[in-house]
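# Residue-level structure breakdown
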Amino acid sequence: EDKVVQSPLSLVVHEGDTVTLNCSYEVTNFRSLLWYKQEKKAPTFLFMLTSSGIEKKSGRLSSILDKKELFSILNITATQTGDSAVYLCAGVGASGTYKYIFGTGTRLKVLA
Amino acid sequence: DAGVIQSPRHEVTEMGQEVTLRCKPISGHDYLFWYRQTMMRGLELLIYFNNNVPIDDSGMPEDRFSAKMPNASFSTLKIQPSEPRDSAVYFCASSALLAVNYNEQFFGPGTRLTVL
């Protein structure tokens, strides 16, 4: 059965800290991995990763994929209180279908 | 574009009642997804449609759940009869297949369902 596991489940840091969120996956015919940020409402898209070793960056956020070890990390540098959210990763697999397999998320709280 | 629209935003009902959740995808998107999110199980895919046709409903928990997409701009998720364990946030998402490996999903605001 396909699955995505995220760690840690929750994290509390202070503003300015750097955090690393982990996502491991077992997805049949893996195609891509996505990161989403969920604040109080709907998840919003952060990154899509399809190739190993290529870092994607957006401001203070960056992410990388390792297809050999089947994991991805999401880094947030110089955290701010606005980064407080649940971060979800999802694996996409199987040719011809577009099912996302989501992890349960990492709940990040950034204290002022 | 207004994004994915869901209604109602909140629903409180009693056990045994029928519940209908509604979704309007982003215009031009040909994929529509229904998810359920709970603290215990996270975000689970229930069913998804491509060009109004159900493609994979393996996530639908049981026969009490049904989903339809009568046209490209409207879908419903129905629970009949509802049970307290159905309490969750139900999200609808839509996407357009831009490339083989690129199909970002856009999520609606969700419907928070409480079954008493």
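Residues numbered from 1 in each chain as written. Chains lettered and ligands numbered in written order. Predicted model: local features only at pLDDT ≥ 70, side-chain atom pairs only at ≥ 80, totals over all residues. Heavy atoms only, no water.

The next subject is the sheet that holds strand 6 (residues 56-58) of chain A. Residues and elements named next belong to chain A. The strand order across the open sheet built from 5 strands is 1-3-8-7-6, with neighbouring strands paired in antiparallel fashion. Of all strands in the sheet, those bounded by a partner on one side alone are strand 1 (3-7) and strand 6. Put simply, the sheet's adjacent strands are angled 15° from each other on average, direction ignored. As paired elements, strand 7 (residues 61-66) and strand 8 (residues 71-76) share 6 bridges and run antiparallel to each other. When the sheet's bridge partners are listed, Asp 66 is paired in strand 8 with Phe 71. (Pairing = 2+ DSSP bridges. Helix = DSSP H or I, 4+ residues; strand = E, 2+ residues; numbered from the N terminus. Axes fitted to C-alpha atoms, helices over the stretch in contact; angles between N-to-C directions.)

Turning our attention to the interface of chain A and chain B. Between chain A and chain B, the residue contacts involve 19 residues of the former and 25 residues of the latter. For the pair chain A and chain B, the interface holds 0 salt bridges. One can count 3 residue pairs in polar contact (both at pLDDT 80 or more) joining chain A with chain B. Within the residue set of the side of chain A that touches chain B, elements represented by two or more residues are strand 4 (30-38), strand 5 (43-49) and strand 10 (100-102) of chain A. The dominant element in the side of chain A that touches chain B, judged by the number of residues it contributes, is strand 4 of chain A, at 4 residues. (Contact = heavy atoms within 4.5 Å. Salt bridge = Lys/Arg side-chain N within 4 Å of Asp/Glu carboxyl O. Polar contact = N/O pair within 3.5 Å; in protein donor to acceptor, adjacent residues only side chain to side chain.)

Once that is clear, we can look at the side chain of Glu44(B). The topology assignment puts Glu44(B) in strand 5 (residues 42-50). With sequence-adjacent residues up to four places away left out, Glu44(B) is seen in contact with Trp34(B), Tyr35(B) and Arg36(B).

Take the pattern of salt bridges next. Residues and elements named next belong to chain B. Considering all chains together, one arrives at 10 salt bridges over all chains under this definition. Note that Arg 36 and Glu 44 form a salt bridge whose closest N and O atoms lie 3.5 Å from each other. We classify Arg 36 as buried; its relative accessible area is 11%. Of the charged contacts, one joins Glu 62 and Arg 64 as a salt bridge, the two residues approaching to 2.8 Å between their closest N and O atoms. The exposure class assigned to Glu 62 is partly exposed, which follows from its relative accessible area of 26%. Overall, the relative accessible area of 10% leaves Arg 64 in the buried class. (Buried < 20%, exposed > 50% of the residue type's maximum accessible area, 1.4 Å probe, protein only.)

Let us now look at the pairing of strand 11 (residues 111-115) of chain B. Residues and elements named next belong to chain B. Residue alternation in strand 11 divides its side chains into a buried set, Thr 111, Leu 113 and Val 115, and an unburied set, Arg 112 and Thr 114. When strand 2 (residues 10-13) meets strand 11, the two strands line up parallel, connected through 4 bridges. Following the sheet pairing, Thr 13 is matched in strand 11 by Val 115. Pairing between strand 9 (residues 88-95) and strand 11: 3 bridges, direction antiparallel. By the bridge assignment, Tyr 90 is partnered in strand 11 with Thr 111.

Any link to function would need more than the numbers given here.
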